[in-house]
Amino acid sequence: MKGTNLGEFEEIVLLTIAALIDEAYSVAICDEIERVTDRKVKLSVVHAVLNRLDKKGFVKSHLGDPTNARGGRRKRFFTVTHAGKVALTKVKEQRDQFWSVIPEFNLKFI
């Protein structure tokens, strides 16, 4: 397993895979990230992140059945591994710690 830290976009991709449950393939991941973050996402960047997350042991993938809609091609579906869940939980706990110590008056301008 390579590295255990998550970059910001790696975290977003991992959360998206978790949210999509059984429908997490690369195009769906791109679409969901664009929908939620309102920012343009390149498929090639998502593929690079998925490869990195796989090398870190945070995701695993399997090929679905071929479909006529895709010209007989198969989708590669991704799921979050136990190590991925641990990494996401660690990041959430760290963020929660920071949020808990920010004085309330620092956020009143929002």
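Residues numbered from 1 in each chain as written. Predicted model: local features only at pLDDT ≥ 70, side-chain atom pairs only at ≥ 80, totals over all residues. Heavy atoms only, no water.

## Concerning the environment of histidine 47
Turning to step 1, where the next piece is worked out: Secondary-structure assignment places histidine 47 in helix H3 (residues 43-56).
Turning to step 2, where the next piece is worked out: Taking C-alpha positions, histidine 47 is 39 Å from proline 103, a pair spaced 56 residues apart along the chain. (Helix = DSSP H or I, 4+ residues; strand = E, 2+ residues; numbered from the N terminus.)

## Considerations on the side chain of threonine 81
Turning to step 1, where the next piece is worked out: Structurally, threonine 81 is set in the loop between strand E2 (76-80) and helix H4 (82-101).
Turning to step 2, where the next piece is worked out: Judged by its relative accessible area of 15%, threonine 81 falls in the buried class.
Turning to step 3, where the next piece is worked out: Non-local contacts of threonine 81, meaning those with residues more than four positions away in its chain, are made with Gly57, Phe58, Val59 and Lys60. (Buried < 20%, exposed > 50% of the residue type's maximum accessible area, 1.4 Å probe, protein only. Contact = heavy atoms within 4.5 Å.)

## Description of the packing of aromatic side chains
For any pair of aromatic rings, geometry is given as the distance between the ring centres together with the angle between the planes.
Turning to step 1, where the next piece is worked out: As enumerated under the stated definition, the model contains one aromatic pair in all.
Turning to step 2, where the next piece is worked out: For the ring pair tyrosine 25 and phenylalanine 77, a centre distance of 5.7 Å and an interplane angle of 80 degrees mean the geometry is edge-to-face. Of this pair, tyrosine 25 sits in the loop between helix H1 (8-20) and helix H2 (26-37) while phenylalanine 77 sits in strand E2, and the two are 52 residues apart along the sequence. (Phe/Tyr/Trp six-rings, centres within 6.5 Å; stacked < 30°, edge-to-face > 60°.)

## Considerations on the pattern of salt bridges
Pairing between side chains becomes possible if they bear opposite charge and their charged atoms approach one another.
Turning to step 1, where the next piece is worked out: Enumeration according to the criterion identifies seven salt bridges in this entry.
Turning to step 2, where the next piece is worked out: Linking arginine 39 and glutamate 8 is a salt bridge whose minimum nitrogen-to-oxygen distance equals 3.8 Å. Of this pair, arginine 39 sits in the loop between H2 and H3 while glutamate 8 is found in helix H1, placing the two residues 31 residues apart along the sequence.
Turning to step 3, where the next piece is worked out: The closest approach of N and O atoms between aspartate 96 and lysine 92, which form a salt bridge, is 2.7 Å. Highlighted residues: aspartate 96 and lysine 92, both in helix H4, separated by four residues, approximately one helical turn.
Turning to step 4, where the next piece is worked out: The structure contains a network of salt bridges with shared partners spanning Glu10, Arg52 and Lys56. (Salt bridge = Lys/Arg side-chain N within 4 Å of Asp/Glu carboxyl O.)

## Focus on the nonpolar core
Turning to step 1, where the next piece is worked out: In this structure, Leu6, Val13, Leu14, Ile17, Ile29 and Leu53 are the most contacted members of the largest nonpolar core, which totals 26 residues.
Turning to step 2, where the next piece is worked out: The greatest single-element share of this core, amounting to six residues, is contributed by H1.
Turning to step 3, where the next piece is worked out: Look past the residues within four positions of isoleucine 17 in its chain and what remains in contact with it is Ala24, Ile29, Leu50, Val59, Phe78, Thr79 and Val80. (Core = buried A, V, L, I, M, F, W, Y, C linked by side-chain atoms within 4.5 Å.)

## Topic: a nonpolar patch on the surface
Turning to step 1, where the next piece is worked out: The grouping of Trp99, Val101, Ile102 and Leu107 at the surface amounts to a nonpolar patch, some 380 Å² of accessible area in total.
Turning to step 2, where the next piece is worked out: Structurally, the position occupied by tryptophan 99 is in helix H4.
Turning to step 3, where the next piece is worked out: Exposure remark for tryptophan 99: the relative accessible area of 53% places this residue in the exposed category. (Patch = residues over 30% accessible without salt bridge, like charges linked within 9 Å, V, L, I, M, F, W, Y side chains within 5 Å. Areas by Shrake-Rupley, 256 points an atom, 1.4 Å probe, with all protein chains shown as cover.)

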